[in-house]
Amino acid sequence: MNLRAARATFRLLALALLTTAFLAGCVNSDTPPWTGPAQSPKTGASASSDEQSQEARKTATRFLRSFVDRDFDGLWGMLRGDTQARLGNKEAFGGFLQRKFGSGDLSYELGDPQSSSQSAAVSVPITLDLGDSRGRVAGPPLVLVPQGESFAVSDTGPLGPRGPLFGSLAAVRPELDVPILIYHHFAPDLPTDPVQASISVTTSAFGDQLEWLTANGYTSISVAELYNAFYYDLPLPAKPVILVFDDGYSEVYQLAFPLLKQHGFGATIATITGAVDHPSYLTWDQVKEMSDSGIEFVSHSVTHGNLAAMSRDDLRKELGDSRKAVLRISLRRAVRERLRRRSPAGARCSA
Ligand SMILES: [Zn+2]
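Residues numbered from 1 in each chain as written. Predicted model: local features only at pLDDT ≥ 70, side-chain atom pairs only at ≥ 80, totals over all residues.

(A) Focus on helix α9 (residues 250-263). With 14 residues, α9 should cover 20 Å at 1.5 Å per step; its first-to-last C-alpha distance of 20 Å lies within 8% of that length. Among the residues making up α9, those that are buried are Glu-251, Val-252, Tyr-253, Ala-256, Phe-257 and Leu-260. On its buried face, α9 sits against β10 (185-187), α7 (203-215), β13 (240-247), β14 (268-271) and α10 (284-292). Count one or two residues on from α9 and you reach Gly-264, which has phi positive near 70 degrees. (Helix = DSSP H or I, 4+ residues; strand = E, 2+ residues; numbered from the N terminus. Expected span 1.5 Å × (residues − 1). Buried ≥ 20, exposed ≤ 12 C-beta atoms within 10 Å, placed from the backbone. Contact = placed C-beta atoms within 7 Å.)

Structure below.
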């Protein structure tokens, strides 16, 4: 397999994926994100018990209190062991938080804790107010897991690797060697058409590649994580790799997704949002299911037209509409969950 250091690729990707979900995490309005599109609970959620919800809220409050007080020792001590291992060490993570969030007067708001239907995790939506011109930001929720009588933090949400970026900055680590493997089509056998074959990978070859990556100590990271390392020096795993699936074809769900789950890899899908639900492309239900299981979705325009040749208005539409469509994945989920919480037990809503 050809693994290549991808500085140039990263810069290209940075341009191509400018409308990614984490950039879209910025709120800059008075509406809390749990009434809007910026939430992305990791798993399908159901109403949590009052007691569990209260305990989760207490843990989240203590965690965010430590954050706004810049008590990075206290904050670090609340992280689960594997989360600490992923974030390097206390000093490195504290340095990242300081560089990213600055010295403004930070404050936060919590949404309703939501328990997972698939695990014991509880996710807590958060909005941060950065106390400066950057305003309010949201991002992925804080994810808590039971530990003893209380909870530990397993995903630091907007404070962590998947957290939102704030506009353009000078990169703190402009030289990052992160292999980015870009895939298009998957098939049980290579197509006979040479052009199709050149952009296809067989299911067995993809499985072999994931096995090779595992055997050689690679850990998949998201594009958001790469940006957070690039701009704020987020500590990365020792051997990071990014798997990008371009365009969002249906075989990604049918053939690649099961292998990703089997090998414990994440991936980033650059979705042509206007193509979703069309033959040969992913459906919105598949997008939601994969998003729930931690796959990162970024917009890849609405029509896959030539952005370089478009008018400014068309460009704005291609980027803005696709971004909104990607955000709608989590909006639909959030609405569904809110409706379910308000419905009598057993009632189901299909938003
Ligand atoms: Zn493409």
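Right, picking up where we left off after that structure.
(B) Structural view of the environment of Gly-135. With respect to the element layout, Gly-135 can be found in the loop between β5 (126-129) and β6 (136-137). You can call Gly-135 partly exposed: it has 15 C-beta atoms within 10 Å. Sequence separation between Gly-135 and Leu-106 is 29 residues; the distance between their C-alpha atoms is 9.9 Å.

(C) Representation of the sheet that holds strand β2 (residues 107-110). In spatial order, the strands read β2-β5-β6; together these three strands make up an open sheet with antiparallel pairing. This sheet does not close on itself; its edge strands, each paired only once, are β2 and β6. Here β2 pairs with β5 via four bridges, running antiparallel. By the bridge assignment, Leu-110 is partnered in β5 with Ile-126. In this fold helix α2 (residues 50-68) packs onto β2 and β5, with an angle of close to 165 degrees to the strand it touches most, β2. (Pairing = 2+ DSSP bridges. Axes fitted to C-alpha atoms, helices over the stretch in contact; angles between N-to-C directions.)

(D) Layout of unusual backbone geometry. The backbone of Asp-247 shows a phi angle near 85 degrees, a positive value even though the residue is not glycine. Mapped onto the fold, Asp-247 is located in strand β13. Positive phi is not limited to glycine here, since His-304 has a value of about 65 degrees. Among the secondary structure elements, His-304 is positioned in the loop between β15 (296-299) and α11 (312-342). Look at His-304 and you get partly exposed, because 16 C-beta atoms sit within 10 Å.

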